[in-house]
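# Structure assessment
Residues per chain, in single letters:
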Amino acid sequence: MGHMLRSDKMTFCDIYLQPEAAFEILSNFGEIGCVQFTDINENVQAFQRSYIQEVCRCAEMERQLYYLQSEMSKDNIYIPELTTEPKAMQPNEMTAMENMLEKWEDDVMEMSEYHTRLMKNFLELSEMYYVLNRIGPILGDAELRKESIFSNHSGGGGRLVVMTGVVRRTKCLYFELMLWRISRGNIYYRQAAEDAILEDPKTGQEIRKVAFLAICQGRQLSARMQKVFSGFQVNTYPCPRTLEERAEMMTKLDLRISDLQHVLRKTKFHRCKALRTVGRQWNTWIIQVRKAKAIYHTMNMFTLDITKKCLIGQCWVSDKDLKKVYHTLEYCSEELNTNVPSFMSKTTTTAVPPTYHRTNKFTRGFQALISAYGDSTYRELNPGLYTIITFPFLFAMMFGDLGHAIILVVFSTWMIVKEKVFSNQKSTNEIWNILFAGRYIILLLGLFSMYTGFIYNDIFGNTLLLKTPYWLNTFDRAQLAKTEFIEIDPYLETGTPYGFGIDPTWTVSTNKIMTENSYKMKLSIIVGIVHMIFGIVMSLFNYLYFKQYYLILLQFIPELLFMCCIFVWLVIMIYMKWFMYSAKIVGKRGSACAPQILILFIDMVLMKTTQPVNDGCDSYMFKGQKAFQTALLVIALLCIPVLLLGTPLYVNKYNKKMRNELMKKLTNFRRYQHRDSDKVKEELILAEMAPYMTTFSELLIHQGVHTIEYVLSTVSHTASYLRLWALSLAHSQLAEMLWEMIFSKLSLKDHTRVGCIKIFIIFAIWAFFTLSILVLMEGLSAFLHTLRLHWVEFMSKFYMGGGNLFRPFSFKRILATDEVKTEAGCKKKIKS
């Protein structure tokens, strides 16, 4: 976890590769995944790059492989997983791979087209057989005269036109209405009683059609009917005149359909056999091709020198991986026995290095929560390390229920035990992927919630009685029989304090909510202020690391003083009230004379004198408290002008000094500049001067916004932590309501024989609402609120989040994405 404190130190390097060894070296870099290459050919068009032809060839092979995969998915061909990952396809293997894939694509495409044509013929024969089988009974044994029948040709005068065919079931109603409208009811129309389920020859999906019989009279009406048939894409078939001819045609169709089915089975068998052969090697081929394409993409980022004997590139490498990279270069040069070895040298740059945090399967989820807000600026403190503890703790304060927490622990433990199985199974369910990726987060959320549930003494809306409560019943039976409610005075006899969280006696008290409100509200304020102060202290370590010592005096100390003089004093008053006043004391230190913290705090800000709570009580907790609070307020107010003006004045003075020094350096350099190569050095001086060109007005506006935001946010952020109290109270009340109103009232209080049966049904209902509402919905709500408290209230105190993520050239990351992109600069190949 020490790697998460700050991002790795990065080194910018120039790398020189021999063309004959470049492919193998980059292949090894892709396997270890620790080098990020920069594109030094940004202004070069894609079609002008050195290795664009190889990229296009690999892209074409990738397209062919995904075409074969789509064909295999149509026939549910199993593609076995690989036990070992193959290396990238070598350049000398590319031609053989191209020829092989082109042959497989042509064979599969030819078989697919032939199968589609056969399926189209089969569909037509099936539709014709279905029409004769269903329309024949409608015609009966009637004999249609030849001179009055026109199946697909226009006739003359008043002759009848008889048309039969099939129409999609989804269109049949609109089809019938349209025929009725164009003929005003003069078309005799009938449909078959049963539909036919057929297969689309192109998509392979099932389609539902229904046979119809339409009879009209006259050439004009038949022409209209033909147009309607064309618009609804209706297939029409001729109908024989007599019953004997229809029976004879059905016999012939039955024979042809049987023969065609046999041919289709043979065709599909050969097609599936070919696809199974491809499927055994498909994963190997796609990995080899995608790796080779990624290597050539990276080689296009290099520049080829004039002599064409060296590839020159630039890259970022972590300092901890430099030895590994040097060893890879030496090993590949020796293995390939090149005349000149490939090497890498460190260089200087004004570019900001990328941010690289090393994580494992446990810390990856917590780092993802921080990265969702913004990647860390290079080498600044990473909140992800502290989030491992603070995130589950704040969540647990809102979700504190021992029973619900056990459900989270069991679910996360199950995912962790089965993680190897689930990791090998790629799922398309996005919700499941999110839950599985955060399995360790859920585990800690559950464990911390078990602790707070134990402190809150809350398990499914009930309490645990682990020892004798603090409150004792001092009434006899006669006194208890006279009243429904009794009042227990803490001044009287009591037991020892309940040492396992909240006393269970509060569960049956009428003022339970008031007590929990006060207790949880004060806890949320205390935890929130400690959390924010921790964030302010983190900024100190950033200032020390980046040697911004002026910010310690002009920003860190004023911010910390402002927070401590107002809000830390609020926390101190809360603890003073808890320790200084007691219900067992009579007098000014009794609970009746305890001042209200909120009133004291408001009067402090308004500089008013606080009035005593009751007669005979003191207004303040100690002598001189009003003067002390006034001094704290004055100190806090004096911090504001320091925050507002201190940093701009100092930075403006420092910028002027640095600009003058760099301008003298630039003037002296230009005086003796004679070569064009010196322009690079001049640009470096100008780039060094750029950070000191900010004007005083810009500095003042920026710092003014920061000061106003910080001063106002101290109030709003403190109030924002009250969500810890609000959500905790809502969660406990919902759990109590579900237990009392559903489980206890409907089943546990029924002591009859029917109650034994009801308890199983009511338990299922109660368990459903507990899981869906209290665990899932309330858990998601608490998770989102905790995320906001970290992103806004905590991280805004020290976290910039303006870095660039380190994206190394890694085959693991490339193969994790299944997206197929059209490569720029490649012409689309047209199959003849």
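Because the structure is predicted, anything quoted here is derived from the model rather than measured. (Residues numbered from 1 in each chain as written. Predicted model: local features only at pLDDT ≥ 70, side-chain atom pairs only at ≥ 80, totals over all residues. Heavy atoms only, no water.)

## Comments concerning the pairing of strand β3 (residues 160–168)
Note the cut-off: Between buried and exposed lies partly exposed: a residue is buried under 20% and exposed over 50% of the maximum accessible area for its type, with that area taken using a 1.4 Å probe on protein chains only. In this text, helices come from DSSP runs of H or I with a minimum length of four residues, and strands from runs of E with a minimum of two, each type numbered from the N-terminal end. Two strands are said to pair when DSSP picks up at least two bridges between them.
Burial analysis of β3 places seven of its nine residues in the buried class, which makes it a mostly covered element. Taken together, the three bridges between β3 and strand β7 (residues 235–237) define a ladder with antiparallel strand orientation. The partner of V166 across the bridge, within β7, is N235.

## Notes on the state of the cysteines
Operational definition: Count a disulfide wherever a pair of cysteine sulfur atoms falls within 2.5 Å.
Summed over all chains, the structure comprises two disulfides. Here C56 engages in a disulfide with C826; their sulfurs sit 1.9 Å apart. Since a negative S-S torsion denotes a left-handed disulfide, the C56-C826 link at about -90° is left-handed. One end of the pair, C56, is in helix α2 (residues 52–74); the other, C826, is in the segment after α23 (811–815), with 770 residues separating them in the sequence. Here C593 connects covalently by a disulfide to C617, the sulfurs 2.0 Å from one another. Disulfide C593-C617: torsion about the S-S bond near -55°, hence left-handed. Of this pair, C593 sits in the loop between α16 (549–580) and α17 (597–606) while C617 sits in the loop between α17 and α18 (625–671), placing them 24 residues apart in sequence. Accessibility classification places C593 together with C617 in one group, the buried group. In this model C315 remains outside any disulfide bridge; the closest cysteine sulfur is found in C13, 5.1 Å from its own.

## Here's the deal with helix α5 (residues 219–231)
Where we set the bar: Helix span is expected to be 1.5 Å times the residue number reduced by one. Throughout, a residue-residue contact means that at least one pair of heavy atoms, one from each residue, lies within 4.5 Å.
The end-to-end C-alpha separation of α5 is 19 Å, in line with the 18 Å expected for 13 residues at 1.5 Å each. The elements touched by buried residues of α5 are β3, α4 (172–183), β6 (206–217) and β7. Backbone geometry just after α5 places Q233 at a positive phi near 55°.

## What to know about the side chain of N542
Stated precisely, the cut-off is as follows: Side-chain atoms alone can form a polar contact between residues adjacent in sequence; in general such a contact is a pair of N or O atoms within 3.5 Å, and within protein one must be able to donate a hydrogen while the other accepts it.
Looking at the secondary structure, you find N542 in helix α15 (residues 512–545). A distance of 3.4 Å separates a polar atom in the side chain of N542 from a polar atom in the side chain of R6.

## Some points on the packing of helix α1 (residues 19–32) against helix α6 (residues 243–299)
The line we're drawing: Geometry is summarised by axes, namely lines fitted to C-alpha atoms with helices restricted to the contacting stretch, and by angles between N-to-C directions that run from 0 to 180 degrees. When describing relative orientation, an angle under 35 degrees is termed roughly parallel and one over 145 degrees roughly antiparallel, while 65 to 115 degrees is termed roughly perpendicular and anything else oblique. By definition, turning the near helix anticlockwise from the far helix through less than a right angle yields a left-handed crossing, and turning it clockwise yields a right-handed one.
With their axes 10 Å apart at the nearest point, α1 and α6 run at an angle of 110° to one another. Our classification of the angle between α1 and α6 gives roughly perpendicular. Here α1 and α6 pass one another in a crossing that is right-handed. Along its contact with α1, which presents A22, F23, L26, S27 and E31, the element α6 presents K291, A292, I295, Y296, T298 and M299.

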